[in-house]
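A look at the structure
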Amino acid sequence: MFKWFNASITRKVSSLSFVLLSFLFIVILYSVLKLQKINYEMREVAQIDVPLSDVISEIELIQLKQHLLMETIRQQKQALFDHPSLKKKALLGFNDYSQSLFKQLVKATQVIQNGLKRGGVRIKVADHQTLMKQIRSLHVERETFDHLVNLFFLHGDTDFSLHWGNIEKHCQKLDAQSDMLLKNIDQLTLKASLYTERQEQELMIVNAILGIAALFIGTYLTLYIVQSVRSRVGSIRWKIESLHRTIGEDSDEVGRTAYQDLDEFSVLEADLNILTNRLSKERSNRYEVERQLIELATRDKLTGAYNRHKWDELLKEELALANRGGRFSLALIDVDYFKKINDMHGHGVGDKVLQFLVTELNKLIRETDILFRIGGEEFAILLKNTGLDEAGKLAEALRLKVETFNTPSLPRFTISLGVTGSQENDDQVSILKRVDTLLYEAKGAGRNQVKIG
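Residues numbered from 1 in each chain as written. Predicted model: local features only at pLDDT ≥ 70, side-chain atom pairs only at ≥ 80, totals over all residues. Heavy atoms only, no water.

The next point concerns the sheet that holds strand β3 (residues 378–384). As summarised here, the arrangement of the five strands in space is β2-β3-β1-β4-β5, forming an open sheet in which the pairing is mixed. The two strands at the open ends of the sheet, each matched to only one other strand, are β2 (370–375) and β5 (450–452). Averaged over all neighbouring strand pairs, the angle between strand axes comes to 20°, with direction disregarded. By the bridge criterion, seven bridges tie strand β1 (residues 328–335) to β3 in an arrangement that is antiparallel. Bridge pairing in β3 links A331 to I381. (Pairing = 2+ DSSP bridges. Helix = DSSP H or I, 4+ residues; strand = E, 2+ residues; numbered from the N terminus. Axes fitted to C-alpha atoms, helices over the stretch in contact; angles between N-to-C directions.)

Taken residue by residue, helix α11 (residues 338–345) has F338, I341 and N342 as its buried positions. One side of α11 holds all its buried residues, which, seen down the axis, span an arc of 95°. For α11, the exposed residues lying more than 90 degrees away from the buried face are K339, D343 and M344. Buried-residue contacts for α11 involve β1 and α12 (347–364). Looking at the residues trailing α11, positive phi occurs at G346, about 100°. (Buried < 20%, exposed > 50% of the residue type's maximum accessible area, 1.4 Å probe, protein only. Arc of directions from axis to C-beta. Contact = heavy atoms within 4.5 Å.)

Our next topic: helix α13 (residues 388–403). Look at α13: 22 Å from first C-alpha to last across 16 residues, which is about the 22 Å you get at 1.5 Å a residue. Taken residue by residue, α13 has A391, G392, L394, A395, L398, R399 and V402 as its buried positions. For α13, the angular spread of the buried residues around the axis is 165°, confining them to a single face. Along α13, the residues that are exposed and aim more than 90 degrees away from the buried face are D389 and K393. Where α13 is buried, its residues contact β1, α12, β3, β4 (415–421) and β5. (Expected span 1.5 Å × (residues − 1).)

Looking at the chain, pLDDT values average 77 and 71% of them are 70 or higher. Mean pLDDT values over the elements of the chain span from 49, in helix α8 (residues 253–256), up to 95, in β4. (pLDDT = per-residue confidence, 0-100.)

Moving on, we get to empty space enclosed by the protein. Enumeration according to the criterion identifies one cavity of 30 Å³ or more in this entry. Counted as a void, the largest cavity has a volume near 40 Å³. Of the residues belonging to the lining of the largest cavity, the class tally is five nonpolar, two polar and one charged. (1 Å grid on protein atoms, 1.4 Å probe; cavity = no way out; pocket = protein on both sides within 12 Å on 5 of 7 lines; lining within 4 Å. Points joined across faces, edges and corners; volume = space filled by probe spheres on them. Nonpolar A, V, L, I, M, F, W, Y, C, P; charged D, E, K, R; others polar.)

Positive phi values are uncommon outside glycine, yet N425 reaches one of about 65°. With respect to the element layout, N425 can be found in the loop between β4 and α14 (428–444). Notably, R447 is not glycine yet its phi reads approximately 65°, a positive angle. On the secondary structure map, R447 appears in the loop between α14 and β5.

The next point concerns the environment of L69. Structurally, the position occupied by L69 is in helix α2 (residues 9–76). Judged by its relative accessible area of 15%, L69 is buried. Once the C-alpha coordinates of L69 and K89 are considered, the two residues, 20 residues apart in sequence, prove to be 9.9 Å apart. When near neighbours in sequence (up to four residues on either side) are disregarded, L69 contacts A90, G93 and F94.

Here we come to the packing of aromatic side chains. Under the defined criterion, the tally for this structure stands at three aromatic pairs. Seen in terms of ring centroids, F356 and F405 are 5.2 Å apart; in terms of plane orientation they differ by 75°. Their pairing is edge-to-face. Note that F356 is positioned in helix α12 and F405 in the loop between α13 and β4, a separation of 49 residues in sequence. In this pair, the class of F356 matches that of F405, namely buried. Linked through ring pairs, Y306, W311 and F372 together constitute an aromatic cluster. For the cation-ring pair, R299 lies above Y306, with the distance from its terminal atom to the ring centre recorded as 3.9 Å. Over the ring of Y337 we find R447; its NZ or CZ atom is 4.4 Å from the centre of that ring. (Phe/Tyr/Trp six-rings, centres within 6.5 Å; stacked < 30°, edge-to-face > 60°. Lys NZ or Arg CZ within 6 Å of the ring centre and 35° of its normal.)

What follows concerns the pairing of β2. Among the six residues of β2, six are classified as buried, and the element is accordingly described as predominantly covered. In this structure, β2 lies alongside β3, joined through five bridges in antiparallel fashion. Bridging across to β3, R373 finds its partner in F379. In this structure, the hairpin formed by β2 and β3 is closed by a connection of two residues, where G376 is found at a positive phi of approximately 40°.

Okay, structure coming up:
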């Protein structure tokens, strides 16, 4: 050791350079091995987890279409078997649902099997095998659902409630299994991403050590590093420009004039800020599209009132609040002699009558009240935090207002209403049966009346 301290500067520099270069070699070797490992994991993300994420999106869209089809058939009921075209359209919808789900399950199976066969699945192999079992179970449930659908279209006209109830039960079971599969796939892809991120963080730490060690190498390495940094920054900026063009616009050239004299990293940071803002805007646009899709799924296409799906959802919520001490009332509305309007004036005029009715009712009810179209010419109003007496007065006001409507372009018409309030131990079936009976009494008493109970 003392001999080394007394050695020439050249020998000292050479010794230190050898030690530093040896350390550098070890770190570089570690980085290469780590990069190779990350490369395998990223390949799994690209070849397995990314396709599985696409399967999630496709199955969610298939489920949404299936829910809309089920809601359509609930509204049509027995008319489905009276019109062959409706029956054929519904059968095609079920077949398309089954085939689309089958294709996505096959796609997921092939992706996982290929990964297991090639040895590409390095993260959570047991979880991938569990997914295979869930997919096989979902195949069995899908085949059972197809069998029930076939029975429904063969015998549904004789016993609609029984066969349709079986279909809804198994559809819910199929949805539950699908949701569980999607949840497990999502968790698996999240685990893979987090695992890869940890590996990348470790690599970043090693690279930081590499940078610190490189500072002691000498001026010749400093020049090389500077050149490498410039080259890498230029490459990253080129990729950022490519992302801008991919999104659909060029980068903000005007904004660049404010930082054109700054160093390369500041320019890169500014470029990344611009790109981040644009990506945030694109994400906001996507959320708006999703909101509009949800709106379409819960609104009646003809009148703009909420549909039966939304009706079931909000009624369950109000019943839950009522069981905890709240209160609400329901008003069930039916357009009197609506069939005669269609027969005498045509379905186009009938549609306009319904649209006009919804528009006027929305003007008359309170902001807290919600209007639904639950079938044909039948509507319902959910009166939140409203007692039966107050609901009855509002219903009578609505009936009287409709009776006095006088629109030259539309025939005059009236409505019958059944009104009831929430009662102790009410459920969805009991309260609907009660208000439906009241509406039937109003129509049986001559129509254009309100029955309260």
